[in-house]
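Reading the structure
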Amino acid sequence: MTRTLRRPRTLAAAAGIAALTLLATACGGGGGGGGGGGEEGEQSADFITIATGGSSGVYYQVGATMSEILADELGADTSVQSTGASVENLTLIQDGGAELAFTQGDAVDQALAGEGAFDGKQIDSLPVVANLYDQYVQLVTIEGSGIDSIEDIKGKSVSVGDQNSGVELNARTVVDAYGLSYDDFSADYLPYAEAIDQMRNGQLDAAFVTSGLPNSAVTDLATSDDVKVVPFTGDGREKLLSEHDYFGEGEVPAGTYGDSKAAETLTIPNLLVVSPSLSDDAVYDITKTLFDNIDKVQSSHNAAKDITVDNAQDVPVSELAPGAKQYFDEQG
């Protein structure tokens, strides 16, 4: 059975976890309600909650398809949970609120190190099922904004994404590498749709967008305005690439949003992490089920077409879970 949950609130999340725990007990100690619901490495895959992102985003769409596959093929009681994405998802894994979670590589890196959004809240273990696909870190503006480089955001109004989202983590890291801070501009914590509306209305000068290409909200902006993607160049770019293993070189091709010039940028991997409380056998079954049905996963969204057995094993932060590694080793 596949269920859909709204973005959690404290009481609702606690009630859901408690309900799953009671159900697991009634069924003779099956999968439990989350990563914290049983002994480490002993839970089965009978109950699987997948933490994704906003209900209109790629994480949610791909996660919903994975949820259906796991329910159909494993007979698992699955649910897909709409969340604030990376940081919230890793917290859910830590607190036992999810068995699988979508997240960006930098969030995993910071969680394991106890830095950034995880300062004082270090997570000891975040095993990975697969590297899914790359996202592109983009600084988007419109012609006439006066922003031609990242340094030009000084004194401007810039959306940095939802607070503690993967986008916001990227924005903070990027501006720091270019010798800036949020004190140098007016930082607005906005989701994509609201940021685009404010840019269209002249209330916002630019927005950080971390997503696959093209981003649908930016595509929408391009229907009314001349969109420009600000290139990541110079020492700041080199610093980001040299200091952070999770960043890769990327380019937003010319014409992506109707603009005539390509823009150098950075990529960052999306990872599917798993609760350490699941047994190796359970993780193996989940990995095998998803990749034996990879055509269905790839059909969930254009970005998911990059999810392959070969790409899945390239994990720049953390490590593959033993059960996942066993499956990939079998594939050669």
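Heads up: these notes are all about the structure in this document. (Residues numbered from 1 in each chain as written. Predicted model: local features only at pLDDT ≥ 70, side-chain atom pairs only at ≥ 80, totals over all residues. Heavy atoms only, no water.)

1. Observations concerning the environment of F247
- Checked against the element boundaries, F247 lands in the loop between α8 (234–243) and β10 (248–252).
- For F247, a relative accessible area of 7% gives the class buried.
- Separated by 142 residues in the primary sequence, F247 and G105 have C-alpha atoms spaced 8.5 Å apart.
- Setting aside its immediate chain neighbours within four residues, F247 contacts V137, T173, L240, L241, L266, T267 and I268. (Helix = DSSP H or I, 4+ residues; strand = E, 2+ residues; numbered from the N terminus. Buried < 20%, exposed > 50% of the residue type's maximum accessible area, 1.4 Å probe, protein only. Contact = heavy atoms within 4.5 Å.)

2. A word on the side chain of S211
- Mapping S211 onto the fold places it in strand β8 (residues 206–211).
- Residue classification places S211 among the buried positions, given a relative accessible area of 8%.
- A polar contact is formed between the side chain of S211 and the side chain of N215, at a distance of 3.2 Å.
- Those residues in contact with S211 that sit more than four places away from it in its chain are Q135, Y136, Q138 and Y192. (Polar contact = N/O pair within 3.5 Å; in protein donor to acceptor, adjacent residues only side chain to side chain.)

3. Concerning the nonpolar core
- L90, L139 and F208 are the most contacted members of the largest nonpolar core, which has 45 residues in total.
- Elements represented by at least two residues in this core include exactly α3 (86–95), α4 (105–113), β5 (128–142), α5 (166–177), β8 and β11 (263–274).
- If one sorts the elements of this core by residue count, α5 sits on top with six residues.
- With sequence-adjacent residues up to four places away left out, F208 is seen in contact with Q138, L139, V158, S159, V160, V167, A171, V174, V175 and Y192.
- Y59, A76, A85 and V283 belong to the second-largest nonpolar core, a separate cluster that totals 35 residues. (Core = buried A, V, L, I, M, F, W, Y, C linked by side-chain atoms within 4.5 Å.)

4. Focus: α8
- Turning to α8, its buried residues number three or more, namely G236, R237 and L240. The arc that holds every buried residue of α8, seen down its axis, measures 100 degrees, which confines them to one face. Along α8, the residues that are exposed and aim more than 90 degrees away from the buried face are D235 and S242.
- Tucked into the core, α8 has its buried residues touching α5, β10 and β11. (Arc of directions from axis to C-beta.)

5. A closer look at unusual backbone geometry
- Here the residue pair L213 and P214 is connected by a cis peptide bond, since its omega of -10 degrees sits within 30 degrees of zero.
- Take P214: it is sitting in the loop between β8 and α7 (216–221).
- Even without being a glycine, A85 presents a positive backbone phi close to 80 degrees.
- Considering the arrangement of structural elements, one finds A85 in the loop between β3 (77–81) and α3.

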